[in-house]
Amino acid sequence: MPEMKPQKGRSLSTPVIQVRGLCNRFGDHVVHDNLDLDLYPGEILGVVGGSGTGKSVLLRSIVGLNTPSNGHIQLFDVDLTELSGAERSLYEQRFGVLFQGGALFTSLNLVQNVSLPLVEHAGLTRTEAEELARMKLALTGLPADAALKYPAELSGGMVKRAALARALALDPEVLFLDEPTAGLDPIGAAAFDELIVTMRNALGLTVFLVTHDLDTLYTTCDRVAVLSRKKVLVADTLENVARTDDKWIQEYFHGPRGRAAIDAHNRLTRQEPV
Ligand SMILES: Nc1ncnc2c1ncn2[C@@H]1O[C@H](COP(=O)(O)OP(=O)(O)OP(=O)(O)O)[C@@H](O)[C@H]1O
């Protein structure tokens with residue numbers, strides 16, 4: 001399990017985000033029905049579930065990109081669902097989001113992509129923003145010469161790093177990652193997992209991580225929440241979740257891929273030769 005560094009001055013028992021009674025429906029299709037979830041300071045919470053169980057809709061509801069049909073989303077002592085659009089967008093600047101695929105602007109180079117939120121929301125001049133953007137790109141491990149490259153000129157792993165730099169541009173407290181290792185080769189995925197833990201430890205971030213990747217769960221997450229039957233079925237340590245008596249959970253954690261991920265994790269933590 002990764003080393004956990006809670007934020008100073010905040011109790012581990014006070015959630016950063018509390019989701020209560022969340023309902024999401026699109027027409028007749030009910031995705032969430034009275035869903036509850038807590039996200040604690042300094043933790044990396046992995047959010048898993050079968051395809052279509054509403055992991056991305058949950059993420060989008062918390063960060064304000066989807067208006068829930070019902071329910072409350074509390075950021076510390078503020079109920080985000082009761083704020084006006086303008087008030088809410090101020091609080092949303094405390095979130096950084098890495099979308100599936102990176103969602104960088106293809107017509108902008110990396111430094112311009114990362115500068116954009118700094119000019120728009122932090123009121124920096126273009127020169128100041130670009131200087132800071134170069135620092136954020138370096139923080140995610142990108143070489144200095146990548147700054148002037150366009151997304152199409154980069155590997156998948158480099159695009160993810162650049163997208164992470166943009167998500168970190170405004171020094172968020174909470175980082176949301178939607179399938180961060182999707183599309184990466186195993187070596188790139190393992191390096192990105194390590195980067196997530198390093199960023200959390202170095203910056204004191206709280207991380208909400210949607211993933212299908214069992215290796216990511218084992219190497220990065222402090223707790224895991226499983227979405228099933230329109231709710232959070234269980235949110236606990238990986239060991240406890242894997243013991244939960246549920247068909248999907250048992251197949252996911254104890255099927256061939258689950259066993260391979262556990263074996264790989266055990267070898268790594270025991271530092272046995274592969
Ligand atoms: N804007 C929308 N309009 C209509 N239906 C939507 C909308 N957004 C999501 N859905 C539906 O909500 C359900 C949950 O979608 P979501 O993308 O959250 O699933 P997921 O758990 O992230 O799936 P996956 O693991 O396959 O990415 C899906 O059936 C999807 O089609």
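Residues numbered from 1 in each chain as written. Predicted model: local features only at pLDDT ≥ 70, side-chain atom pairs only at ≥ 80, totals over all residues. Heavy atoms only, no water.

Engineer: Looking at this structure, I do not really get the pairing of strand S8 (residues 206-210). What am I missing?
Structural biologist: The side chains of a regular strand alternate between both faces of the sheet. The buried count for S8 comes to five of five residues, which makes it a mostly enclosed element. Where burial is concerned, the two faces of S8 agree: the one with Thr 206, Phe 208 and Val 210 and the one with Val 207 and Leu 209 are both buried. Where strand S7 (residues 174-178) lies against S8, five bridges are found, and the strand directions are parallel. Of the residues in S8, the one forming a bridge with Leu 175 is Val 207. With respect to chirality, the unit in which S7 leads through helix H6 (residues 186-203) into the neighbouring parallel S8 is right-handed. (Buried < 20%, exposed > 50% of the residue type's maximum accessible area, 1.4 Å probe, protein only. Helix = DSSP H or I, 4+ residues; strand = E, 2+ residues; numbered from the N terminus. Pairing = 2+ DSSP bridges. Right-handed = clockwise from strand over helix to strand, strands pointing away.)

Engineer: Is there a simple way to think about the nonpolar core in this case?
Structural biologist: Side chains that are nonpolar tend, in soluble globular proteins, to be buried together. Ranked by internal contacts, the top residues of the largest apolar core, which has 49 residues, are Leu 137, Leu 217 and Phe 253. By size, the runner-up hydrophobic cluster in this structure holds 26 residues, among which are Leu 35, Leu 59, Val 63 and Phe 95. (Core = buried A, V, L, I, M, F, W, Y, C linked by side-chain atoms within 4.5 Å.)

Engineer: I tried to follow the site of the ligand on my own but got confused; where do I start?
Structural biologist: The local shell around the ligand consists of Phe 26, His 29, Val 31, Gly 50, Ser 51, Gly 52, Thr 53, Gly 54, Lys 55, Ser 56, Val 57 and His 212. Within the side chain of Ser 51, an N or O atom sits 2.5 Å from an oxygen atom of the ligand. One nitrogen or oxygen atom from the side chain of Lys 55 is found 2.8 Å from an oxygen atom belonging to the ligand. When the ligand sits alone it has 630 Å² of accessible area, and the protein chains cover 59% of it. With three residues, the top contributor of residues to the shell around the ligand is helix H1 (residues 55-63). (Near = heavy atom within 4 Å. Polar contact = N/O pair within 3.5 Å; in protein donor to acceptor, adjacent residues only side chain to side chain. Areas by Shrake-Rupley, 256 points an atom, 1.4 Å probe, with all protein chains shown as cover.)

Engineer: When you look at the pairing of S7 in this model, what are you seeing that I'm missing?
Structural biologist: Taking burial as the measure, the five residues of S7 include five buried ones, the bulk of the element. Here S7 shows no split at all, with Val 174, Phe 176 and Asp 178 on one side and Leu 175 and Leu 177 on the other all buried.

Engineer: Is there a simple way to explain unusual backbone geometry in this structure?
Structural biologist: Negative phi values dominate among residues other than glycine, just as trans dominates among peptide bonds. Its identity is not glycine, yet Phe 76 carries a phi of approximately 50°, on the positive side. Along the chain, the position of Phe 76 falls in the loop between strand S4 (70-75) and strand S5 (78-79). For Lys 230, which is not a glycine, the phi torsion comes out positive at approximately 70°. On the secondary structure map, Lys 230 appears in the loop between strand S9 (223-228) and strand S10 (231-236).

Engineer: Help me understand the sheet that holds S8 in this model?
Structural biologist: Reading across the sheet, the six strands line up as S6-S7-S8-S3-S9-S10 and stay open at both edges, with mixed pairing between neighbours. Single-partner strands in this sheet number two, and they are strand S6 (95-98) and S10. Direction aside, the axes of adjacent strands within the sheet are offset by 20° on average. Summarising the sheet, strand S3 (residues 44-49) and S9 pair through five bridges and their orientation is parallel. The residue of S9 that forms the bridge with Val 48 is Val 226. The strands touched by helix H5 (residues 156-167) within the sheet are S6 and S7, with S6 carrying the most contacts at an inclination of about 165°. (Axes fitted to C-alpha atoms, helices over the stretch in contact; angles between N-to-C directions. Contact = heavy atoms within 4.5 Å.)

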